[in-house]
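A closer look at the structure
Take a look at the letters that make up each chain.
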Number of protein chains: 2
Amino acid sequence: MANKTIKVEGMTCGHCKSSVEGALNKLEGVNGAEVSLEDNQVSVDYQKDKVDDAAMVDAIEGQGYDVVK
Amino acid sequence: MANKTIKVEGMTCGHCKSSVEGALNKLEGVNGAEVSLEDNQVSVDYQKDKVDDAAMVDAIEGQGYDVVK
């Protein structure tokens, strides 16, 4: 299993945390996602052969947040 | 119809706005609620004979926010 940390702007509260984690966890190939509001980032455990970066970015942006590239 | 403005702490984003407005709008006697995130407050249109202050405060606090008294 791989892990990556994605920097995200605009997450302010528990609802934001749940939205981003929920969107990522719905993706096939994502095993877990945990947002740190303090660090403005989400840590994702995933399977490299099943999900790519673009899908994760799309999931986050689909919730209305900007990914820092 | 009466109107009152309630000061609320901790609302940071659109999800917070929706949570507070939704909880108030569910109350019998509330005709409308609109959160201003900028002003940390919610404006409520309501019928005095159907809903009291305590019920509105409970609805807001039930969503995890503090009412400034």
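Since this is a predicted model, take the numbers as computed values, not measurements.

Conventions used here
- Residues numbered from 1 in each chain as written.
- Chains lettered and ligands numbered in written order.
- Predicted model: local features only at pLDDT ≥ 70, side-chain atom pairs only at ≥ 80, totals over all residues.
- Heavy atoms only, no water.
- Buried < 20%, exposed > 50% of the residue type's maximum accessible area, 1.4 Å probe, protein only.
- Helix = DSSP H or I, 4+ residues; strand = E, 2+ residues; numbered from the N terminus.
- Pairing = 2+ DSSP bridges.
- Contact = heavy atoms within 4.5 Å.
- Axes fitted to C-alpha atoms, helices over the stretch in contact; angles between N-to-C directions.
- Least-squares fit on C-alpha atoms with pLDDT ≥ 70 in both.

Before going further, it helps to spend a moment on the pairing of strand S3 (residues 41-46) of chain B. Residue and element names in this part refer to chain B. Every second residue of S3 is oriented toward a common face, the buried set being Val42, Val44 and Tyr46 and the non-buried set Gln41, Ser43 and Asp45. With 6 bridges connecting them, strand S1 (residues 2-9) and S3 associate as antiparallel partners. Bridge pairing in S3 places Asn3 opposite Asp45. Joining the antiparallel neighbours strand S2 (residues 30-36) and S3 is a turn of 4 residues, in which Asn40 adopts a positive phi near 50°.

Glancing now at the sheet that holds strand S1 (residues 2-9) of chain A. Residue and element names in this part refer to chain A. Read from one edge of the open sheet, 4 strands run S2-S3-S1-S4, paired in antiparallel fashion. The open sheet has two edge strands with one neighbour each: strand S2 (30-36) and strand S4 (66-67). Judged from the 2 bridges that link them, S1 and S4 form a sheet pairing that is antiparallel. Bridging from a neighbouring strand, Val8 pairs with Val67 of S4. Across the sheet, helix H1 (residues 14-25) lies against S2 and strand S3 (41-46), angled at about 165° from S2, the strand it touches most.

With that settled, the discussion passes to the relation of the copies chain B and chain A. For these two chains of identical sequence, chain B goes onto chain A by a turn of 180° and a shift of 0.0 Å along the axis, with RMSD 0.0 Å. Such values leave the two copies arranged in the relation of a two-fold axis. Comparing contact sets, 100% of the residues at the interface of chain B also lie at the interface in chain A, consistent with an isologous, same-surface contact.

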